[in-house]
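Here's the letter readout for the chains.
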Amino acid sequence: QVHLVESGGGLVQAGGSLTLSCTASGNLFNLGWYRQAPGKQRELVATVTSAGSTNYADSVKGRFTISRNNAVNTVTLHMNSLKPEDTAVYYCNGRHFLSSQNYWGQGTQVTVSS
């Protein structure tokens, strides 16, 4: 079984920063973050492979940075220059190599005030 545990959500003013962290109970090829705002579908924010290759949504590119520590199975999302439209529940996500099965954390609320 794979469990993902998240931390770091909170309330911040527009232009501020937050850092989200997620620790997996085992090694996963792909780790990342998705978010879901009220009334909207869950969307990709950023992912990183075990080799360190990254992928970002256009809406966060240049503002967010994703990284991981394979030794402790942790993925971190540094969020800078936050905007009100970044407000959402952020979910940690993981997948095994060449697998379509998703593992999800419980979600952490990020609220950006204007």
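Going by the structure above, here's the rest.
What this report covers is the structure whose coordinates are included nearby. As the structure is a computational prediction, the values presented were derived from the model and not from experiment.

With respect to the sheet that holds strand 7 (residues 64-69)
Moving on, step 1. Pairing within the open sheet is antiparallel, and its 4 strands lie in the order 1-3-8-7. Looking at the sheet topology across the chains shown, the edges are occupied by strand 1 (4-7) and strand 7. Strand-to-strand twist across the sheet, computed as the mean angle between neighbouring axes with direction ignored, equals 15 degrees.
Moving on, step 2. One ladder, built from 6 bridges, connects strand 3 (residues 18-24) with strand 8 (residues 74-79); its direction is antiparallel. Paired with Leu20 across the two strands is Leu77, which belongs to strand 8.

Regarding the nonpolar core
Moving on, step 1. Among the nonpolar cores identified, the biggest contains 29 residues, and Trp33, Leu77, Met79 and Tyr90 are the most heavily contacted of them.
Moving on, step 2. Elements that contribute at least two residues to this core include exactly strand 3, strand 4 (30-36), strand 5 (43-49), strand 7, strand 8, strand 9 (88-95) and strand 11 (108-113).
Moving on, step 3. The dominant element in this core, judged by the number of residues it contributes, is strand 3, at 4 residues.
Moving on, step 4. In contact with Leu77, other than residues within four places in its own chain, are Leu18, Thr19, Leu20, Trp33, Val45, Ala46, Phe64, Thr65, Ile66 and Tyr90.

A word on the pairing of strand 1
Moving on, step 1. Side chains of strand 1 alternate between two faces, with Leu4 and Glu6 buried and Val5 and Ser7 left unburied.
Moving on, step 2. As defined by bridge partners, strand 1 adjoins strand 3 across 4 bridges and the pair is classed as antiparallel. Of the residues in strand 3, the one forming a bridge with Glu6 is Cys22.

Topic: the packing of aromatic side chains
Moving on, step 1. Under the counting rule described, the total for this entry stands at 3 aromatic pairs.
Moving on, step 2. Between Phe29 and Phe97 the ring centres are 4.9 Å apart and the planes differ by 70 degrees, which places this aromatic pair in the edge-to-face class. Taken as a pair, Phe29 in the loop between strand 3 and strand 4 and Phe97 in the loop between strand 9 and strand 10 (103-104) lie far apart in primary sequence, 68 residues in all.
Moving on, step 3. Of the residues examined, Phe97 reaches a relative accessible area of 55% and is grouped as exposed.
Moving on, step 4. Ring geometry for Tyr91 versus Trp104: centroids 6.5 Å apart, planes at 90 degrees, classification edge-to-face. Of the two residues, Tyr91 is situated in strand 9 and Trp104 in strand 10; the sequence distance between them amounts to 13 residues.
Moving on, step 5. Each member of the aromatic cluster is reached from another via a ring pair, and the members are Tyr34, Tyr91 and Trp104.
Moving on, step 6. In this structure, Arg42 is placed above the aromatic ring of Trp104, and the distance from its NZ or CZ to the ring centre is 4.5 Å.

The rules behind these values
- Residues numbered from 1 in each chain as written.
- Predicted model: local features only at pLDDT ≥ 70, side-chain atom pairs only at ≥ 80, totals over all residues.
- Heavy atoms only, no water.
- Pairing = 2+ DSSP bridges.
- Helix = DSSP H or I, 4+ residues; strand = E, 2+ residues; numbered from the N terminus.
- Axes fitted to C-alpha atoms, helices over the stretch in contact; angles between N-to-C directions.
- Core = buried A, V, L, I, M, F, W, Y, C linked by side-chain atoms within 4.5 Å.
- Buried < 20%, exposed > 50% of the residue type's maximum accessible area, 1.4 Å probe, protein only.
- Contact = heavy atoms within 4.5 Å.
- Phe/Tyr/Trp six-rings, centres within 6.5 Å; stacked < 30°, edge-to-face > 60°.
- Lys NZ or Arg CZ within 6 Å of the ring centre and 35° of its normal.

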